[in-house]
Amino acid sequence: MCDVSPRIREGRETWHIKLAREGEGGAMANTQTYGFPIYAADWIPEETVRSKIDKHKENSEDGIEPSSSLASRSCIALAGGGGEGRSGIPNVIVICRVDLETNSLLEQPVGRVVVSGLPYRMAAHPREGALICALPESCKRFDWENIMRPREGEELEEVINELEDVGQQLALEFNQEGSVLAAGGEDGTLRIFEWPSMKTILNESNAHGEVKNLTFSESGKFLVSLGGPLCRVWDVNASTAVASLSKEKDELFASCRFSVDNSGDEVLYIAAKTERGGSIITWDTTSWKRKQSKLLKNYSITAFNVSPDGKFLAFGTLEGDVLIISSTKMKTHQFVKKAHLGLVTALTFSPDSRFLVSVSFDSRAKLTVIEQKPETNGINWLVVFLLFVLLVVVSYYFLMVKGIIGKEYSL
């Protein structure tokens, strides 16, 4: 996610409006402009909102779509807005359709709700119909039903009591089961709760100078928090820190993500900023030691994510580019130059790892299809070469037997 303060000042608001206007009109099918600076994006678990979306469509002017068409669609949630200033840009959460057959984003959101403050961060529950948003002072829960079909005069947002008046939260994360919620504050406090009871598991006021990023391990046993000069690894069940991961030389940790490698082992990735560009560091999750690092020269990382299948790492840059690299070879798989007019604020992969959505202050969301490239390696070329030599030899002796080539040309 983007490392930018949520306190939007007047000068930045002007820049936001300029970018939004430049982005209007002429957008490709896989790029749409939604009219507000976008801070957060998340792919919605289809099963949690499918019935609500279908019901919403049935009641719309367009009528009922064929089931085959519905099956080819998915949705993303976007959050952002103009903040506390006088830009005239509202703070909103929208739900947007993704057509998986045409690989395109639909222009008109299927759900939209205006919120009382800037939704700077959000986390979609992996199974329930709930979305948690971090607003300037508190965190609030929004149900998909309220976003899809808001009713006038009805309270659309629910303050989470345990996260009320706690200041700006810079990171929100559910574990894969949706049974634990973690929140990291601008004041450096890390909070971990059972969900939905909100029973406190951990409340550490001095976890970091400020908590910028959070990620749960695949098993849910560990939580990694990032902030300041280091990362800390927490044993969730024991409610204690078990390791600290320190930077080296000119590194500045920017984001962290757990994943699984080809062997099925958990691996931790940390994206860092350096004077020479971005760097991706791989950590062993048993010893908590560095395994390897890969320098991405001349790239300033502002957003980072890992595909659900663990095969790809995605980076957003200050210049608006999107870079997708292979997690095994650490080589560029795709490069989307100028995907956005300004810095990329968030990246989210589809659950099947076939698509990536990137968002930015320029009010745009862009859908990138992950290219399926055949795996090639040295042994294939060796086999081709050996087959060619064998063919030459067989052909030569065949021509000799037929008398087409004289013995004076024999090998």
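Refer to the structure above for everything that follows.
Analysis parameters
All residue numbers refer to position in the chain's written sequence, counted from 1. For a predicted model such as this one, the threshold for reporting local features is a pLDDT of at least 70, and the threshold for listing and counting side-chain atom pairs is 80 or more; totals across whole chains, interfaces and linings nevertheless cover every residue. As a rule here, side-chain values cover all heavy atoms of the structure and leave hydrogens and water aside. Secondary structure counts use DSSP, requiring at least four H or I residues in a row for a helix and at least two E residues in a row for a strand, with both numbered from the N terminus. Only strands joined by at least two bridges in the DSSP assignment are considered to pair. Axis lines are fitted to C-alpha atoms, over the contacting stretch for helices. Their N-to-C directions set the angle, which ranges from 0 to 180 degrees. Centres within 6.5 Å are what make two rings of Phe, Tyr or Trp a pair, Trp counting through its six-membered ring; a difference in plane orientation under 30 degrees is then read as stacked, over 60 as edge-to-face, and the rest as tilted. Summary of the burial criterion: residues with accessible area below 20% of their type's maximum are buried, those above 50% are exposed, and those between are partly exposed, where the area comes from a 1.4 Å probe applied to protein chains only. Any Lys NZ or Arg CZ found within 6 Å of a ring centre and within 35 degrees of that ring's normal is scored as a charge over the ring. Without a salt bridge and with relative accessible area above 30%, a residue can belong to a patch; like charges are then joined within 9 Å and nonpolar side chains (Val, Leu, Ile, Met, Phe, Trp, Tyr) within 5 Å. Here the Shrake-Rupley method, with its probe set to 1.4 Å, supplies the accessible areas, and only the displayed protein chains count as covering residues. For this analysis, a salt bridge means a side-chain nitrogen from Lys or Arg found within 4 Å of a carboxyl oxygen belonging to Asp or Glu. Each polar contact in these results corresponds to two N or O atoms within 3.5 Å; when the atoms are within protein, one needs to be able to donate a hydrogen and the other to accept it, and residues that are neighboring in sequence are counted only if both atoms are side-chain atoms. What makes two residues a contact is simply this: any of their non-hydrogen atoms within 4.5 Å.

Quick word on unusual backbone geometry
Residue Pro 196 is bonded to the preceding Trp 195 through a cis peptide linkage, with omega at 5°. Within the element layout of this structure, Pro 196 appears in the loop between strand S13 (190-194) and strand S14 (200-204). Its identity is not glycine, yet Asp 165 carries a phi of approximately 55°, on the positive side. In this fold, Asp 165 is placed in the loop between strand S10 (158-159) and strand S11 (169-174).

Here's the deal with the pairing of S14
In the sheet, S13 pairs with S14 via four bridges, with the strands oriented antiparallel. Residue Phe 193 lies in a different strand from S14, and its bridge partner there is Thr 200. Count of turn residues in the S13/S14 antiparallel hairpin: five residues, of which Met 198 carries a positive phi of about 60°.

Brief notes about the sheet that holds strand S25 (residues 322-326)
Strand order in the open sheet formed by four strands is S23-S24-S25-S26, with antiparallel pairing between adjacent strands. Looking at which strands have only one partner, the edges of the open sheet turn out to be strand S23 (301-306) and strand S26 (332-336). The average undirected angle you get between the axes of adjacent strands in this sheet is 15°. Where S25 and S26 come together, four bridges link them in antiparallel fashion. Note that in S26 the partner of Ile 325 across the bridge is Thr 332.

Focus: the packing of aromatic side chains
Aromatic rings considered in pairs are described by the distance between their centres and by the relative angle of their planes. Summed over the entire model, instances satisfying the criterion amount to seven aromatic pairs. An angle of 85° between the planes, with centres 5.3 Å apart, marks the rings of Phe 222 and Trp 288 as edge-to-face. With a gap of 66 residues between them, Phe 222 in strand S16 (residues 222-227) and Trp 288 in the loop between strand S21 (277-284) and strand S22 (290-297) connect regions that are remote in the sequence. Exposure class is identical for Phe 222 and Trp 288. Each is buried. One aromatic cluster in this structure is built from Tyr 39, Tyr 120 and Phe 361. Between the NZ or CZ atom of Arg 121 and the centre of the ring of Tyr 120, over which it lies, the distance is 4.3 Å.

Observations regarding a nonpolar patch on the surface
Taken together, the side chains of Phe 385, Leu 386, Phe 388, Val 389, Val 392, Val 393 and Tyr 397 define a hydrophobic patch exposed on the protein surface, amounting to about 660 Å² of accessible area. With respect to the helices and strands, the residue Tyr 397 is situated in helix H5 (residues 378-401). By relative accessible area, Tyr 397 is classed as partly exposed at 45%.

Focus: the environment of Ile 281
The topology assignment puts Ile 281 in strand S21. With relative accessibility at 0%, the residue Ile 281 sits in the buried group. For the pair formed by Ile 281 and Leu 268, sequence separation is 13 residues and the distance between their alpha carbons is 8.2 Å.

Points about the side chain of His 125
In this structure, His 125 sits in the loop between strand S7 (121-124) and strand S8 (130-134). On the basis of relative accessible area, His 125 is assigned to the buried category, the value being 2%. In terms of polar contacts, His 125 uses its side chain to reach the backbone amide nitrogen of Arg 127, at 3.0 Å. In this structure the side chain of His 125 is engaged in a polar contact, spanning 2.8 Å, whose partner is the backbone oxygen of Gly 178. Once residues within four sequence positions are removed from consideration, His 125 is found in contact with Pro 45, Ala 130, Phe 174, Glu 177, Gly 178 and Trp 195.

Some remarks on the pairing of strand S4 (residues 92-99)
S4 sits mainly inside the fold: eight of its eight residues count as buried. Of the two faces of S4, the one carrying Val 92, Val 94, Cys 96 and Val 98 and the one carrying Ile 93, Ile 95, Arg 97 and Asp 99 are both buried. With four bridges joining them, S4 and strand S6 (residues 111-114) adopt antiparallel strand pairing. Bridged to Val 94 within S6 is Arg 112. In the sheet, S4 pairs with strand S5 (residues 104-105) via two bridges, with the strands oriented antiparallel. Considered in S5, the bridge of Asp 99 is made with Ser 104.

Regarding the sheet that holds S8
The four strands are arranged S7-S8-S9-S10 in an open sheet whose pairing can be described as antiparallel. This sheet does not close on itself; its edge strands, each paired only once, are S7 and S10. Bridge count between S7 and S8: four bridges; the pairing is antiparallel. Of the residues in S8, the one forming a bridge with Ala 123 is Ile 132.

So yeah, pure geometry; function would need other evidence.
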